[in-house]
Amino acid sequence: MEQMVTVYLFGKEHQVPESLTIMEAMEYSGYKLVRGCGCRNGFCGACATLYRIKGHKELKTALACSAKVEDGMYVATLPFFPLEKQQYDLSALKPNQQVMMQLYPEIYACVGCNACTKACPQSLNVMQYIAYAQRGEFDKCAEESFDCVMCGLCSTRCPAQISHPQVAMLARRLNGKYVAPHCDHLDDMVDAVQSGQIEELIQRVMNKPLEEIKELYNTREIEK
């Protein structure tokens, strides 16, 4: 029989197989997930989780779909984290340092504690991309934050109350609209998608096993 471990889900003790993820352990224990559950593969950021191991003081962060249970784990999930999102018209903005000063001035209150980076389940260098945003280096910020899944765990630990994912999103939008070179074949692909020319290709990809889809993604050709 599989080894069982003791976990505490929202304060209630449960015995679950040690091979399960936190999300699987919730379902194994009888919880019906109606929110805080999306792609189940670490890409959507919907299952932000805080946990602490019994006997240890450190509060840790994870995505419930990706992190394995541990014996003595106390778990609380964040089905929604209220990040501060400013309203703006992208076409009216300019890619300069004043944009961040106007929309997200709290980034200049960063104390350099690096708690955001330690909290990131994607192992992104969050404090570094905030530094790029401070300097108006939106191309570097966009690159450093590219794999952000907007879970908000970095912001839960920030003493300056920075909404890191929203800062990164703005930087990527500014970079895509104003900084990155124009890409003609991207225009062609957008036209193909909108006209329905690649529906058959999409269906073929969707019918592939998950591991094969991951391999296609990880080995795709990326334009420099």
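Thresholds, definitions, all that
Residues numbered from 1 in each chain as written. Predicted model: local features only at pLDDT ≥ 70, side-chain atom pairs only at ≥ 80, totals over all residues. Heavy atoms only, no water. Helix = DSSP H or I, 4+ residues; strand = E, 2+ residues; numbered from the N terminus. Buried < 20%, exposed > 50% of the residue type's maximum accessible area, 1.4 Å probe, protein only. Polar contact = N/O pair within 3.5 Å; in protein donor to acceptor, adjacent residues only side chain to side chain. Salt bridge = Lys/Arg side-chain N within 4 Å of Asp/Glu carboxyl O. 1 Å grid on protein atoms, 1.4 Å probe; cavity = no way out; pocket = protein on both sides within 12 Å on 5 of 7 lines; lining within 4 Å. Points joined across faces, edges and corners; volume = space filled by probe spheres on them. Nonpolar A, V, L, I, M, F, W, Y, C, P; charged D, E, K, R; others polar.

A. Region of interest: the environment of Q197. Residue position: Q197 is located in the loop between helix 8 (184–194) and helix 9 (199–206). Look at Q197 and you get exposed, because its relative accessible area is 63%. Considered as a pair, Q197 and V5 are 192 residues apart in the sequence and their alpha carbons are 51 Å apart. In terms of polar contacts, Q197 uses its side chain to reach the side chain of S195, at 2.8 Å.

B. Region of the structure containing the pattern of salt bridges. Taken as a whole and judged by the stated rule, the model has six salt bridges. Between R135 and E137 there is a salt bridge; the shortest N-O distance is 2.6 Å. According to the relative accessible area criterion, R135 is partly exposed, its value standing at 47%. Within this structure, R135, E137 and K140 form a network of salt bridges that share partners.

C. Representation of the layout of surface pockets. In this model, the second largest pocket occupies a volume close to 300 Å³. Every residue along the wall of the second largest pocket is listed here: M189, L201, V205, L216, Y217, T219, R220 and E221. When contributions to the lining of the second largest pocket are tallied by element, the ones reaching two or more residues are helix 9 and helix 10 (210–218). Residue composition of the lining of the second largest pocket, by class: five nonpolar, one polar and two charged.

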